[in-house]
Structures are given as C-alpha cells and as structure tokens.
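Examining the three-dimensional arrangement
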Amino acid sequence: MSGTYDSGAEKLFIEDNFPVWKSYNVKNVCTSCAARNYPETKHSPTTSKTMIASPHLFVSFLCLTIFYYASSIILSSIQYNRKTQAFGCGKIKKYRHYDPILGLDFALSMRKAFQEHRWLPWQKELYRDQGVKTFTATFLGSRMIYSAESDNMKAMSTAKWKDFGIQPLRLDNGVTGPFHAIGVSNVDGEMWEFSRNLIKPYFTRDGYSDLGRLKVHTDRLLSLVPLDGTAFDIQPLMQRWFLDTSTEFLFGKTLNSLTYPTKVKISIAMVDVMRGLRARLQMAKLMFLHYDPVWLRNVQTVKDFIDANVKSTLAERSKCIASGNKSSRTDLLWDMVRQVQDPEVLRGQILAVFVPSNDTTSILISNAFYALSRHPEVYSKLRKKVLALGDQELNFEKLRSISYLAWVLNEVHRLYPNGILMVRQALTDTTLPVGGGQDQAAPIFVAKGDIVSCNRYLMHRDLDIWGPDAEEFNPERWREARPMWKFVPFGGGPRICPAHVLVMTEASYVLCRFAQRFEKIEAKDDRPYTAIMRIGPSNMHGVKISAVKDEKATL
Ligand code: HEM
C-alpha cells in the first residue's frame, strides 16, 4: 500500500481494515472536559445540584462510604493474596507508608525530589532504604510495583509484552489528550500495530546511512565552536543541531535554527510539553486535576507547527497527483501521507514520533561531551581511532568499524540513560519472573491494573552487574562486558525504539567530526552533574567546554 497515490484504496485501508480509528471517537467528550479541550476522561458525571437533606443523612452517607471503601480494600487485599498463591508467586516487599490509602507521603517525597532536582539520587535512596530490588508502593491510589531487576524488564518487553500496556497510562486517562493524538507511542494492540507499521519502512530502510544529510548541519555546528579557547555551552548548540536534522528527517524541511537561533522556540515549547506530559503521567488517577495554561499554550504551539507541516504536505501530495510528477521528498511525513490523509490522524502519528525524538539524541551527544571533557585520555584515544580512518569522507560502515566509539557511547547511555523508567500497566492478571519471597527470587504476581515501573538508571549502576566502579565513566569495560538485558538503553522486544540505529549513527557522526577537527576539549565547569528531567536526564548547568583546534585538520 505504501508508495501508491490511489487515494480511494488508501481510504479503504484506513477505514475498513482499521475500524479502530472510528471507534476511538475523540469528539465524544464530557462537557467539562470539552470546555478545556480535553478528551473524555474516566471520571463520572457530577450532578450540578447536590442536596444534603439533613446532617443525619450526611453522617450516614459518610459512614457508608467509609465502610464501603474499607471493605473493598480488605476484600481486594484478600483476593490479591489468594491470587499470589494461586499463581505460585512470592510476596513482594511493601513500602511502609504513612498514608497507605492514597500514598500521598510517597508522592510528596517524589515531588520534593523533582523540585530539588534530586529525582535520580532519590531513586537510589528509595531502593537502598527498601534493601531490595523489587517492592510495591501506593502512588496516588494505584498499586505500583517498582523493580530494578532486568529479568522483569525483559519479560515485560518480550515474553509477557501483551500482558502489559501503555495506552491506559498515556491515552485512555487523557495524559496525551490535549493533542487528541493517537500514535505509536501511546497505544496498544491493533492501533499500535497499525502505527508501528506506518513508520516501520522509514526506520528500517537505509536512509540513515546517508550521512550527507547530517554534513551540512554538522559543518554549521562546528563553525560555531569558538577557536580561541573561550568556554561555550555545547548543550544548546546540540539542541539546535538536533532540531535542524530531525525537522528535515521528519518533515522534509529543516528549521535551520543553527543559522536562525529564534527558530529554536519550537524545541523549547516541546521541552515544556514534555514537562507537562511527565506531570500528567505522574498525577495518575488525579490527572483530571491538572490544569496548566502555560503548558496548554505550548501544546498549541506544537500543534500549530505540526498542523502547518501536515497541511503543506497534503497540498504537495495533491499537486503531485494532479501533475503526475514525483516528489523528491524522502521524509517521514511524506511517507505517512502516502498511506493516510486524515490531518488529525497524521498529526497524532507524527507527534508520536516527534515527542519521543525531541531532545534525545542531542542530550546523548551533550552527555558524551560532558564525560569526554572530564576524561581527556578517553577523548585522546577516541581521536586517535578516528584519525586512523584517514581523510576520506565518513560513511556508515566506517563509523560502525570504530568499536571504541561504540564503547564510549555505551558508557554514556549506561550512566545517563535517556529512558530512565519503563512503565507499563497490567492489562490482565499476570506474573513477572523475580522479586518475590524472602530471597526475592520467586516470581511476583501482577494484578490487572497494577502499574509496573522498571528502573533502567539503577540497573545501569548496579554494583552486582558492573562491579565496584559502576559509577565511573570507563569505556574500557565494554571490551569484556556482555550485559544483554541488563543494558537496554533503547528497550527491546517489539516496542524497541525504532530509531536506535539512527541515534547511534548520528551521535557517532558528530563525535567523529568533532574529533577530526579538535585536538583537545576541556571541561569549564566544576559543578557536579545535576540532572533535570526532560525525556531523559540532562545537566541543569549545561555542558560548558572549550576546544583546541588541530591546525592541520582539513575536515
Ligand atoms: C538517545 C536517543 C534515544 C533513546 C535512548 C531512546 C530510547 C527509547 C526507549 C527506551 C523507548 C521505549 C522502548 C520500550 O518501551 O520498550 C523508546 C521508544 C520510542 N522511541 Fe526512542 N530513543 C531515542 C531517540 C529516539 C528518536 C530520535 C526517535 C525518533 C526519530 C525515537 C522514536 C521512538 C518511538 C516512536 C518510540 C515508541 C516505540 C513504540 O512504542 O513502539 N526515539 N525510545
């Protein structure tokens, strides 16, 4: 189907083969949500006039409610324990709450850690205090299972992946609602399969092996590096570089923010969109209380940007059909409009790639500069390997041939993973392989509706896996290390990040070009890495470095 201009056939493909699009009617909104342009949430309708006949009636009503609530908690706990036994599972250690009903103590502690930019150290302390790698806690009324066991992450990603979903956490509860967006990163089942197939040809073809696409933006980036040894912050430059390469890749038109810095405002809006999405995800059952006008304004900015691109791409397609000409466009949106023409569907689908792509590769590369500028011996070794390739243009195969480059990037992924957590909700009663019983070795029971949060950050710094120097930046460890599922920066199984080869290629290319031109780089900021969370951690203080140009460098 892809690649045809037969609009009738394409319409059939969408409407008849995927009736799911019709069944998910975003216009079906409740009135209070509609007023805020939110999709239907699961809250029940409220009556506008609540009559309390008498204090007695009120007290009886209150007692009944408390009784009902208490008995349902006891019943569900009995049921849960029975099922744990029936499934042959061990008990999971429980977090000791002050507020076991809503878990407000836990939520407030997490909120404080966020506000103080201590979310990563807080994770470490939390697990250390529990003394185990898997435990349960209540988070705003939901039972959460926290785990830093790679076997559990592996099972959720592969053997048991159909038992766990993303959609209830991101779409059904309205987290991504203000976009009215349905796309690969917020749906499950048939809709996910459709969405993944829509982007698959794009990510699996060898488009990303064309490094020419990166050259012009990287030349611009390098031309902005001060040559007189002045300190500069490479993090915002990388953000602009990534915006330029990714807008070209996704929409066929670069924003050229390295040349026109004000264009970066869309990236800044996206960072705020992600902040809001994270807040909404964390509010869980209380998400309907989220109202943040700044966030909504930024959502609108991003929506307008996407809609303008969708509109012009659809118009270009119509022109091509009318004239019989072929377009030279090879971007993802162009690929998509050949398969789908509904602007709302297109917005959702392209957003679902734009959101997880935003500021990911750029942060990976900035984090690499952070580490390399503090480890001159590693930079110098990397440079030697790169220079050994000679003066010819870099290509995909050459980049892949430098194992040391892969080790450096692996080490950056390990210490600063972009996806800290893998969070899923159980769609059915199921089990995970470890974390139960006295020794934590028994399987654990996961009831339908439970939320499991697997922690990549802790796995990547686990002394049991990496040894006593787990906190150190040491690319040499990759000479021997074969961690398999203990190191999955891009996830694994059917929902693995579709862009993993693209990301590694782009990051490798930038580091190589930098190493070809600059003899040395030096850190210009002694403050410790203080992670603020976007999609992944980035340094709150930026990445301030200085660079010394190799006078002989011609590239
Ligand atoms: C440093 C860069 C990146 C890292 C570390 C990363 C990591 C990840 C991880 C861990 C997941 C979740 C996998 C899972 O749930 O098992 C994911 C999903 C995804 N990523 Fe990336 N990613 C990066 C960059 C990108 C870029 C640049 C794009 C797009 C151009 C992208 C597109 C996606 C999409 C669409 C998904 C959802 C896949 C699905 O649910 O089927 N990512 N990524």
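Since we're looking at a predicted model, the values are computed, not measured.

We now examine the UniProt feature "binding site: heme" (unreviewed entry) in the protein. Per the UniProt record, "binding site: heme" (unreviewed entry) is annotated on Cys497. Within the secondary structure, Cys497 sits in the loop between helix H21 (463-466) and helix H22 (500-517). By the C-beta count within 10 Å, which is 20 here, Cys497 ends up buried. Not counting the four nearest positions on each side in its chain, Cys497 is found in contact with Phe490 and Gly491.

Whether parallel or antiparallel, the strands of a sheet pair through hydrogen bonds between backbone atoms. One open sheet holds the six strands; their spatial order is S1-S2-S3-S9-S6-S4, and the pairing between them is mixed. The sheet is open, and its two edges are formed by strand S1 (93-94) and strand S4 (164-165), each paired on a single side. In the sheet, S4 pairs with strand S6 (residues 421-426) via two bridges, with the strands oriented antiparallel. Residue pairing across strands places Gly165 opposite Gln425, the latter belonging to S6.

Next up on the list: the site of the ligand. Not every one of the 23 residues close to the ligand is listed here, only the nearest: Ser357, Asn418, Gly419, Gly491 and Cys497. Put simply, the parts of the chain that give the shell around the ligand at least two residues each are helix H15 (343-357) and helix H16 (361-373). Examining the composition of the shell around the ligand, we find that four residues originate from one element, H15, more than from any other.

So, on to the domain arrangement of the protein. Assigned domains within the protein: domain 1 (7-51 + 87-549) and domain 2 (54-86). Here domain 1 and domain 2 have C-alpha centroids that lie 39 Å from each other. Facing the six residues of domain 1 at the interface are four residues of domain 2. Counted by class, the side of domain 1 that touches domain 2 contains four nonpolar, no polar and two charged residues.

Attention now goes to the environment of Lys124. Note on placement: Lys124 falls in helix H6 (residues 119-130). On the basis of neighbour counts, which here come to 15 C-beta atoms within 10 Å, the residue Lys124 falls in the partly exposed class.

This paragraph deals with the UniProt feature "transmembrane region" (unreviewed entry) in the protein. Following the UniProt record, one finds the feature "transmembrane region" (unreviewed entry) at residues 57-78. Helix makes up 100% of residues 57-78 and strand makes up 0%, while its end C-alpha atoms are separated by 31 Å.

Right, let's talk about the packing of helix H13 (residues 293-323) against H15 for a bit. Contact pair H13 / H15: the axes reach a minimum separation of 10 Å and the direction vectors enclose 120°. Comparing the axis directions of H13 and H15 gives the class oblique. Seen from above, H13 lies across H15 with right-handed handedness. Where H13 abuts H15, its residues Ile306, Asp307, Val310, Lys311 and Leu314 lie against Pro343, Leu346, Arg347, Ile350 and Leu351. A class-by-class count of the residues in the contact of H13 with H15 yields seven nonpolar, no polar and three charged.

Read from one edge to the other, the open sheet built from three strands follows the order S5-S13-S10, with strand pairing classed as antiparallel. A single partner strand is all that each edge strand has here, and the edge strands are strand S5 (232-233) and strand S10 (518-523). Inspection of the sheet shows S5 paired to strand S13 (residues 544-549) by two bridges, in the antiparallel sense. Opposite Asp233, over in S13, you have Lys544 as the bridge partner.

Quick look at the packing of helix H17 (residues 376-387) against H22 now. It is at 9 Å that the axes of H17 and H22 come closest, and there the two elements cross at 90°. One element, H17, and the other, H22, form an angle in the roughly perpendicular class. Here Leu382, Arg383, Val386 and Leu387 of H17 come into contact with H22, specifically with Cys512, Ala515 and Gln516. Per-class residue counts for the contact of H17 with H22 are five nonpolar, one polar and one charged.

Counting residues in each nonpolar core, the largest one holds 52 residues, and the members touching the most others are Ala368, Phe369 and Ala507. Every element with two or more residues in this core is listed here: helix H10 (212-223), helix H11 (234-251), H16, H17, helix H19 (403-415), H22, S10 and S13. For this core, the leading source of residues is H22, giving 10 residues. With sequence-adjacent residues up to four places away left out, Ala507 is seen in contact with Thr361, Leu364, Ile365, Ala368 and Leu409. In terms of nonpolar packing, the next biggest core, distinct from the first, is built from 38 residues, Val184, Val273, Val345 and Leu351 among them.

Thresholds, definitions, all that
- Residues numbered from 1 in each chain as written.
- Predicted model: local features only at pLDDT ≥ 70, side-chain atom pairs only at ≥ 80, totals over all residues.
- UniProt positions renumbered as here; feature names shortened; annotations may be inferred.
- Helix = DSSP H or I, 4+ residues; strand = E, 2+ residues; numbered from the N terminus.
- Buried ≥ 20, exposed ≤ 12 C-beta atoms within 10 Å, placed from the backbone.
- Contact = placed C-beta atoms within 7 Å.
- Pairing = 2+ DSSP bridges.
- Near = placed C-beta within 6 Å.
- Domains from an automatic or database assignment.
- Nonpolar A, V, L, I, M, F, W, Y, C, P; charged D, E, K, R; others polar.
- Axes fitted to C-alpha atoms, helices over the stretch in contact; angles between N-to-C directions.
- Parallel < 35°, antiparallel > 145°, perpendicular 65-115°, else oblique.
- Left-handed = near helix turned anticlockwise from the far one by under 90°.
- Core = buried A, V, L, I, M, F, W, Y, C linked by C-beta atoms within 7 Å.

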